[in-house]
Amino acid sequence: MEETLAFSFESIISQIIEHGYGILDNFLTEEEITELNESFLAHYQAQEFRQAGISKEHEVVKNIRGDEILWLEKEQANAIEIKFLERLEAFMSYVNYTCFLGLRSYEIHYASYPVGTFYKRHLDKFRNDSGRKLSFICYLNQNWQADNGGELVLYLPDKEEIVLPIGGRLVVFESDKIEHEVLPANRERRSLTGWLRNID
Ligand SMILES: O=C(O)CCC(=O)C(=O)O
Ligand SMILES: [Fe+2]
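Calculation criteria
Residues numbered from 1 in each chain as written. Chains lettered and ligands numbered in written order. Predicted model: local features only at pLDDT ≥ 70, side-chain atom pairs only at ≥ 80, totals over all residues. Helix = DSSP H or I, 4+ residues; strand = E, 2+ residues; numbered from the N terminus. Rg over C-alpha atoms; globule rule 2.2 N^0.38 Å. Buried ≥ 20, exposed ≤ 12 C-beta atoms within 10 Å, placed from the backbone. Pairing = 2+ DSSP bridges. Near = placed C-beta within 6 Å. Nonpolar A, V, L, I, M, F, W, Y, C, P; charged D, E, K, R; others polar.

Enquirer: I'd like a rundown of the overall build of the protein chain, residues and numbers included.
Expert: Across its full length, the protein chain carries 3 helices and 11 strands. Starting at the N terminus and walking to the C terminus, you meet the elements of the protein chain as α-β-α-β-β-α-β-β-β-β-β-β-β-β. The C-alpha atoms of the protein chain give 16 Å as radius of gyration, which agrees with the globular expectation for 200 residues (16 Å, within 12%). Taken along its principal axes, the extent of the C-alpha atoms in the protein chain is 40 × 40 × 35 Å. Here the protein chain holds 200 residues, and the buried ones make up 30% of them.

Enquirer: So what about the pairing of strand E6 (residues 132-139)? Which residues, and what values?
Expert: A regular strand carries its side chains on alternate faces of the sheet. Buried residues dominate E6, accounting for 6 of its 8 residues. In this structure, E6 lies alongside strand E11 (residues 189-197), joined through 7 bridges in antiparallel fashion. Bridge assignment links isoleucine 137 to a residue of E11, and that residue is threonine 193. Taken together, the 5 bridges between E6 and strand E9 (residues 170-174) define a ladder with antiparallel strand orientation. In the strand pairing of E9, leucine 134 is matched with glutamate 174.

Enquirer: Summarise the site of ligand 1; cite the residues concerned and give the values.
Expert: Surveying the vicinity of ligand 1 reveals the residues Ala111, Tyr119, Asp124, Ile137, Leu152, Pro165, His180, Val182, Ser191 and Thr193. Counting residues per element, the ones that place at least two in the shell around ligand 1 are strand E10 (179-182) and E11. For the shell around ligand 1, a count of residues per class yields 6 nonpolar, 3 polar and 1 charged.

Pasting the structure below:
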């Protein structure tokens, strides 16, 4: 692994250990963000996205969650998607090497929040599935401005952490501990979102 990448992994992992969440900017380069946006658009135009649901049964409730998603499978992925997944796998190995979470698999989807949509305060845990250990979100938004809205709010014990969905930024937090929310944006908001799991 590239040395600078290993170094940034160490920094975000120590944030996660200390605070339950961590933020790493430039997880993707500008060029990678551009390529992933091209892939995103191709999938979107091929009408592969679906309205997201809120339970394992995928119940659609737009006053809770308004994003559209597309699950990403490595078997069907293109070159830039594979590059992204492999970087994520490297991160997962690094977490396993430094923490003892026993991560074994991941699930990941593209997400698009159309203008005005949001995701109300929630915990990323299904009642009948405790496999999700770490949630991660990598944003694909180029030139995101503070007045575009769409902040991720992390509800921590002592404060609320407000995170702008800036392209290339990776946010990771403990899935069963940190409640969070996506505020409405006045611009379409894109990401790759997923979970590192300790069961397959
Ligand atoms: O996009 C984000 O910032 C958070 C998304 C989220 O909370 C989720 O998909 O469960
Ligand atoms: Fe979430």
